[in-house]
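# Architecture at a glance
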Amino acid sequence: MSYKIPNGGTFEHAATYAAALPFSAITNATSAICTVVGATLVVGDIVLVTSGWTALNNKVVRVSAATATAITLEGVDTTSTTIYPAGSGVGSLKKILTWVQIPQITDVAFSGGDQNYQDVVFLEDAQGRQIPTDKAAASMVLTVADDPTLAYVPIVQAADAAQTVQAARLNLPGTDKLYYGAYTSFSLQPEVARGNILTRKVSLALQAAPTRYLS
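Residues numbered from 1 in each chain as written. Predicted model: local features only at pLDDT ≥ 70, side-chain atom pairs only at ≥ 80, totals over all residues. Heavy atoms only, no water.

## Structural notes on the overall build of the chain
Secondary structure assignment for the chain yields 1 helix and 16 strands. Taking the principal axes of the C-alpha coordinates as reference, the chain spans close to 65 × 55 × 40 Å. Across the chain, contacts joining residues at least 24 apart in sequence account for 68% of those joining residues at least 6 apart. Split by element, the accessible area of the chain, about 12,000 Å² in all, is 56% carbon and sulfur. With 13 positive and 15 negative side-chain charges, the chain shows a separation of 7 Å between the mean positions of the two kinds. (Helix = DSSP H or I, 4+ residues; strand = E, 2+ residues; numbered from the N terminus. Contact = heavy atoms within 4.5 Å. Areas by Shrake-Rupley, 256 points an atom, 1.4 Å probe, with all protein chains shown as cover. Lys, Arg positive; Asp, Glu negative; His and termini not counted. Charge placed at Lys NZ, Arg CZ, Asp CG, Glu CD.)

Have a look at this one:
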C-alpha cells in the first residue's frame, strides 16, 4: 500500500512530431506488434497511434521493442478479438519529437469518463435494473497563470487552430506518467477577477483512454 500527493508534478504538451509511420498489420497480443517498413523508432519513444481499432485509435503509448520492421506497443493488450477484430487495426505511428512544459498551473480539473447505464425493467419485475452501455466523454482543464511570453503558448494556440488530436502527458512525482490523446483548446483572453492573478485555461477533450506507465 502506498500513496502520493501531486505536488511537484508537471504537465507537458507535444511540440513537434516526426512524419507518420504507417503499419500494415498489427497483432492480437498482450503487447501489440505493428508491422512497418524502414522504422527508426527506438525503445522508449512515445508515439501517437491512429488505428482502425477504435479502442486503440488516438492513444499515446510507449515503444517497448523496435526493429526496422516491427514495433511493439508497451502495455497495449489487444488479445480480445471482439474489441480488436483481427486484420482491421492498421494505421500509423507518429513519434513525439519534443515536448513543451505548461508551467504555472493553479488547478487541474477532470470531468466525464463516468460509466453510463441503460435502465431495464420488465412487466413482471418488482424492481428495475441497470446495464452498462458506454462511458461519458472525458476532458481535463488546466487553469494557468497568464503569461503570453511563455514557450508553450504558441504551441497550444497552433494546436487549437489545427483541431487535430495532440499528445500530452502528466508527470507525477517520481517516474509515474500518464499520456493523453486529445483535442486542445486555449482561451483567447485571461480571466479577470479583482485581487486574483490573471489566468487562462488549456482544455483537453480526451479522445482515448489515458495510458499510464509507472516506470
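From this point, the discussion proceeds with the structure in view.
## Topic: the nonpolar core
Counting 29 residues, the largest nonpolar core has I26, C34, V47, V49, I71, L73 and L93 as the members making the most contacts within it. At the level of elements, β2 (21-23), β5 (46-51), β6 (60-66), β7 (70-73) and β8 (91-101) are the ones that each hand at least two residues to this core. The element that contributes the greatest number of residues to this core is β5, accounting for 4 residues. Once residues within four sequence positions are removed from consideration, V47 is found in contact with L41, K59, V60, V61, V63, L73, L93, K94, K95 and I96. Formed by 19 residues, the second largest nonpolar core is a distinct cluster that contains V144, F186, V202 and L204. (Core = buried A, V, L, I, M, F, W, Y, C linked by side-chain atoms within 4.5 Å. Buried < 20%, exposed > 50% of the residue type's maximum accessible area, 1.4 Å probe, protein only.)

## A closer look at the pattern of salt bridges
Opposite charge on two side chains makes pairing possible when the charged atoms of those side chains draw close. Throughout the structure, instances matching the rule amount to 8 salt bridges. For R200, the salt bridge identified is with D146, shortest N-O distance 3.6 Å. One end of the pair, R200, is in strand β15 (residues 199-206); the other, D146, is in the loop between β12 (138-145) and α1 (152-162), with 54 residues separating them in the sequence. Look at R200 and you get buried, because its relative accessible area is 8%. Residue classification places D146 among the partly exposed positions, given a relative accessible area of 23%. (Salt bridge = Lys/Arg side-chain N within 4 Å of Asp/Glu carboxyl O.)

## Section: α1
Turning to α1, its buried residues are Y152, V153, V156 and A159. The buried residues of α1 occupy one face: seen down the axis, they fall within an arc of 130°. Turning to α1, the residues buried within the fold contact β1 (10-17), β8, β12, β13 (166-171), β14 (177-186) and β15. Directly after α1, the chain includes Q163, whose backbone phi takes a positive value near 50°. (Arc of directions from axis to C-beta.)

## Focus on unusual backbone geometry
Here Q104, not a glycine, exhibits a phi torsion of approximately 60°, which is positive. Q104 gets classed as partly exposed once you look at its relative accessible area, which sits at 42%. Despite not being glycine, Q163 has its phi angle at roughly 50°, a positive value. Here Q163 is to be found in the loop between α1 and β13.

## Quick notes on the environment of A151
Looking at the element boundaries, A151 is found in the loop between β12 and α1. The spacing of A151 and I46 is 105 residues in sequence and 21 Å in space, taken between C-alpha atoms.

## Details of the packing of aromatic side chains
Tallied over the entire structure, the rule returns 5 aromatic pairs. A ring pair is formed by W53 and Y84, whose centres lie 5.2 Å apart and whose planes are at 70°; its orientation type is edge-to-face. A residue pair is termed long-range when its members are at least 10 positions apart, and W53 in the loop between β5 and β6 and Y84 in the loop between β7 and β8 qualify at 31 residues. Both rings, one in Y179 and one in Y213, keep their centres 6.0 Å apart while their planes meet at 65°; by these two values the pair is edge-to-face. Taken together, the residues span a long stretch of sequence, with Y179 in strand β14 and Y213 in strand β16 (residues 211-213) at a distance of 34 residues. Exposure remark for Y179: the relative accessible area of 3% places this residue in the buried category. Residue class for Y213 comes out buried when judged on its relative accessible area of 5%. By the ring-pair criterion, three or more aromatic residues cluster together here, those being W99, Y179 and Y213. (Phe/Tyr/Trp six-rings, centres within 6.5 Å; stacked < 30°, edge-to-face > 60°.)

## Describing a nonpolar patch on the surface
Judged by side-chain polarity, I105, V108 and F110 come together as a nonpolar surface patch covering roughly 240 Å² of accessible area. In this structure, F110 sits in strand β9 (residues 105-112). (Patch = residues over 30% accessible without salt bridge, like charges linked within 9 Å, V, L, I, M, F, W, Y side chains within 5 Å.)

## Examining the pairing of β6
Two elements, β5 and β6, share 3 bridges in a ladder whose sense is antiparallel. By the bridge assignment, L48 is partnered in β6 with V60. Hairpin connection of β6 to β7: 3 residues between the antiparallel strands. (Pairing = 2+ DSSP bridges.)

No statement about biological role is implied by the geometric values presented.
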